[in-house]
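Notes for the structure review
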Amino acid sequence: MADETQQRSVELHVPVLTRVEGEGALHLRIRDGQIEQLQLAIFEPPRLFEKFLEGRSYEEVPDLVARICGICPVAYQMSAVDALESLFGIDPGPWVQDMRRVLYCGEWIESHSLHIHLLAAPDFFGYDNVMAMAKDHPDEVRRGMHLQGLGNALIRLLGARSVHPVGVRVGGFHHAPDEREVDNLLRQLRDALPQAEAMVRWTAAIDLPERTQSFPSVACQSDDYPLVGGRIVSDRGLSIDKSAFEQQFAEHQEPHSTALYSLLDGQPYLVGPMARLNLHRDRLPAAVTHLMDSLPIDWPSANPFHGMVARAIEIYYALHEAIRLLGAYRRPAQPFVPVTPKAGTGFGCSEAPRGLLWHRYDVDAQGLITAARIVPPTSQNQARIEADLRESLTDFGLDQPDDALRQHCEQVIRNYDPCISCATHFLRLTTERL
Amino acid sequence: MTESAAKPRVAVHKFSSCDGCQLAFLNLGETLLQIAELVDIVHFAEAGPLDPEAAVDIAFVEGSISTPDEVERIQRVRANSRFLVSIGACATAGGIQSLRNLAEDNQWLGQVYARPDYIATLDKVTPIAGQVKVDLELWGCPVNSRQIVSAIRALLFGVVPVTEQDKVCLECKRQQRVCVLVAQGTPCMGPVTRTGCGALCPSFGRDCYGCYGPAENPNTQALARRFEGLGLAPDAIARRFHAITSGAPAFHEAGLQQSDLKRQEKDHGG
Ligand code: SF4
Ligand code: SF4
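Residues numbered from 1 in each chain as written. Chains lettered and ligands numbered in written order. Predicted model: local features only at pLDDT ≥ 70, side-chain atom pairs only at ≥ 80, totals over all residues.

Residue and element names in this part refer to chain B. Close to ligand 2 lie 14 residues; C169, C172, C179, C188 and G190 are nearest. Mapped by element, the contributors of at least two residues to the shell around ligand 2 are α7 (168-174) and α8 (180-184). The leading source of residues in the shell around ligand 2 is α7, at 4 residues. Classifying every residue of the shell around ligand 2 by side-chain character gives 11 nonpolar, 1 polar and 2 charged. (Near = placed C-beta within 6 Å. Helix = DSSP H or I, 4+ residues; strand = E, 2+ residues; numbered from the N terminus. Nonpolar A, V, L, I, M, F, W, Y, C, P; charged D, E, K, R; others polar.)

Taken together, 17 residues surround ligand 1, and among them G20, G88, C90, C141 and P142 of chain B come closest. Surrounding ligand 1 are residues belonging to chains A and B, so the site spans chains. Top contributing element to the shell around ligand 1 by residue count: helix α4 (residues 88-93) of chain B, with 3 residues. Grouping the amino acids of the shell around ligand 1 by side-chain chemistry returns 8 nonpolar, 7 polar and 2 charged.

The peptide bond linking W299 of chain A to P300 of chain A adopts the cis configuration, its omega dihedral lying at 0°. The residue P300 of chain A is located in the loop between α10 (286-293) and α11 (307-327) in this model. The omega torsion of the bond from C141 of chain B to P142 of chain B falls at 5°, within 30 degrees of zero and hence cis. By the secondary structure assignment, P142 of chain B is in the loop between β5 (136-138) and α6 (145-156). Positioned with a positive phi, H164 of chain A is a non-glycine residue whose angle comes to about 50°. With respect to the helices and strands, the residue H164 of chain A is situated in the loop between α6 (138-159) and β4 (168-169). The class for H164 of chain A is buried, based on 26 C-beta atoms found within 10 Å. The residue D19 of chain B is not glycine, and still its phi comes out positive at about 75°. Tracing the chain through its elements places D19 of chain B in the loop between β1 (9-14) and α1 (23-26). (Buried ≥ 20, exposed ≤ 12 C-beta atoms within 10 Å, placed from the backbone.)

Of the residues in chain A, 87% reach a pLDDT of 70 or more, and the chain-wide mean stands at 87. Within the model, pLDDT remains below 50 along residues 421-430 of chain A, and this stretch shows 62 contacts once partners closer than five positions in the same chain are excluded. (pLDDT = per-residue confidence, 0-100. Contact = placed C-beta atoms within 7 Å.)

Below is the structure:
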């Protein structure tokens, strides 16, 4: 290992990065106190979804693409219906659009709560996992699990189950819940508002590392805080139709990873809760911005460690939004509009819990898919995570012991809540010091 | 409560999958904390505990086997586990990714990745039981928390859990649902699909799409004829069987028969 005379060489090997959705590996080579190589490797066996979709009917797409990710199946369903309905020239109407927001709010609440409490927070309180943390912080953990449960309940209301829900179809929903069910859940959501507020304050009070980094934030843009569809914008002046995505964002492959890297004009960029808050604070209701104003964080933020607080704020927002929309709930005569397929290419986008999720489908006159392309948020954040790690590790101190370095890397990576299942997967950390 | 040394040791392993079945644990809330009191969760990477090589009493395995590395890993999991439970359609039937086994050639990787040589995969995706002995299979895409908790409970009492074999139709009738096959003529897979989901799709007024895999003795031919009567073309019928659980033998064959029919039609039809 070490050639102590000229260089110091240490190798650190950590088999699997824990507490990310899916698994990945990180390779770090430090030479003479400088980072020589840093690679976030995602090598989940590719599941080749784009190919399965070829030859399937448009009607099957929502059920099939859900299986890309168990943590954000709704996101895949929403980008898919957005793409197909755009192509077919269908407007499913306000009831469907509202209920899609409600369903999506459920997924944000579920996914963000899972991330904050089970995956990220144990880091900041010095525990290996939530089971250990729950022994000393039972109330915070229970509160988080309760919120996660409410997110799941929202998905069940419109989807029958929270993982791979079965309610979504092109044109709308298979089923509309009755008013009594909605009222029951509405009551629970209202009761949870103070808990969600306390949870936001709790995350904002955690002592987070100070970082200032420069990166473009990218998200969808619609009249409301973005969920389904709209234009794609950045805080550096980009504003494009979703059909122009492929002209601006280029994906490429690197030998160390099965996830493709996406770059904007050749540069890393950020998608996800922080990018959304950085871009769209002005689209939040007053209740949410008041809470944000009372926190010791200024938005837009350039500190990736604020990602966890951004998630907490979005939980609070999603609760408010679901309450607003369900408060006006009326059961429609029919929860979908009829669909006639059309040949052509459809583009769709939506805001998955982890950020922009872009889909493209080529469809023939029978409504069969002839080609598909899916760009998930984690492959978009992959280059940004590597850029962040380079800066963060230098700030943290490359001379720190291996264990501390590894822990810090994991913490930095978890800020992005990478869903490696989506981007395909495995974190192994190897450090070479030369 | 018994002390830690006497607690059963449990591991949760992930192979090629979407992580959705692990959520059957992570969505348990309070119950997860209770389970963590009753058993020692020694390996569950997504939840934190990491010790993939630990010897355990019960190993839950999510995902299918699709790389050479996974073949080796599942052998070690088997060697280290007293009782191995495969959870979900990926683990029990290969899952949606085994659709790739049906592709005529192996060009798919090259069509998604510019450099397929960077990626090591097996020619065929297999379920866990295609590689090692499995003691219990819990079907579903995803499995639900009820299936997981009742399996753990039974195993803690030292009995082998009973699994569902009945058809979704039975559950649907128990709930007195309107039959979507009869009333709306939608191609419901309920007559051949294993129950366990609670007949969720028919309860939402739509057709079951078979994510719990084939029930015991499914009459797939009769159902295919029924679908034909509804006006479905052979390839549309094939797609019903070749979806989430295309790797399960009964659905695999039923789908292939339809694809053959389609081929014959093409040959004769000119
Ligand atoms: S069976 Fe379904 S839910 Fe479970 S891991 Fe596989 S794709 Fe995900
Ligand atoms: S709706 Fe489907 S599952 Fe229910 S009885 Fe009819 S065929 Fe069977």
